[in-house]
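Structural features, examined
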Amino acid sequence: MLKKAGFVAATAAGLMMIGSTAFAATGDTTGTPDPTFGDAYATFIEGGGALGYGAASLVAGAYAGIATTPALILHSLEHHHH
C-alpha cells in the first residue's frame, strides 16, 4: 500500500512540474532581459527547495492518512454502535 502512495505522490509531482513548465513557457518575453547566471542559480536553488518541501509534504500527508485511516474508522464505528 505504501508503494502505491509513493507512486501516486511521484506521479502527482511529475504532473505538477509538467503543467507548471508548460504554463510558464506560454508567457510573452518581449523586452525582457535575459537572466544573469546569479539570477538563474538563485531561482534553481529556490525552486529545488520548494519542490523538495512540496514532495516531502505530499508523501508525509499520504503516509499519515494511510496509517491513521483504519484507526479513525474503528473509532468512528465505536461511537455509532452504543
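So, a few notes on the structure that sits alongside this text. Residue numbers restart at each chain and count upward from 1, following the sequence in its written direction. Whole-chain, interface and lining totals are the exception, using all residues; otherwise, since this is a predicted model, local features are given only for residues with pLDDT of at least 70 and side-chain atom pairs are given and counted only at 80 or more. Hydrogens and waters are ignored; side-chain quantities use all the structure's heavy atoms.

1. Remarks on the overall build of the protein chain
As a reminder, the rule being used: Helix and strand definitions follow DSSP, with helices as H or I runs of at least four residues and strands as E runs of at least two, each counted in order from the N terminus. The classification of residues rests on relative accessible area computed with a 1.4 Å probe and restricted to protein chains. Under 20% of the type maximum is buried, over 50% is exposed, and intermediate values are partly exposed. Under the convention used here, a 1.4 Å probe and the Shrake-Rupley method define accessible areas, while residue burial counts only the protein chains that appear.
Summing up its helical and strand segments, the protein chain has two helices and zero strands in all. The buried share of the protein chain, reckoned over its 82 residues, is 4%. Total accessible area computed for the protein chain in this model is approximately 7,000 Å², and 73% of it derives from carbon and sulfur atoms.

2. Comments concerning a nonpolar patch on the surface
Quick reminder of the rule: Like-charged residues are merged into a patch within 9 Å and nonpolar side chains (Val, Leu, Ile, Met, Phe, Trp, Tyr) within 5 Å, provided each residue has over 30% relative accessible area and no salt bridge. By definition here, a salt bridge exists when the distance from a side-chain nitrogen of Lys or Arg to a carboxyl oxygen of Asp or Glu is within 4 Å.
Taken together, the side chains of Phe37, Tyr41, Phe44 and Ile45 present a nonpolar region at the surface, about 540 Å² in accessible area. The exposure class assigned to Phe37 is exposed, which follows from its relative accessible area of 71%.

3. Focus on the packing of aromatic side chains
Each aromatic ring pair is specified by the distance between its two centres and by the angle formed by the two planes. The test is simple: Each aromatic pair joins two rings of Phe, Tyr and Trp (for Trp, the six-membered one) with centres within 6.5 Å, and gets the label stacked for planes under 30 degrees apart, edge-to-face for over 60, and tilted for any other angle.
Enumeration according to the criterion identifies one aromatic pair in this entry. Measuring from ring centre to ring centre gives 6.3 Å for Phe37 and Tyr41, while their planes differ by 20°; the resulting arrangement is stacked. One end of the pair is Phe37 and the other is Tyr41, both in helix 2 (residues 37–80) and four residues apart, which spans about a single turn.

4. What about helix 2?
Going by this rule: The span you would expect from a helix comes to 1.5 Å times its residue count less one. Axes are fitted to the seven residues ending at a residue and to the seven starting at it; the angle between these axes is taken as the bend at that residue.
Along its 44 residues, helix 2 runs 62 Å from first to last C-alpha, staying within 8% of the 64 Å computed at 1.5 Å per residue. A maximum bend of about 40° is found in helix 2 at Thr68, where proline Pro70 lies one to four positions downstream.

Shape descriptors only; they carry no functional weight alone.
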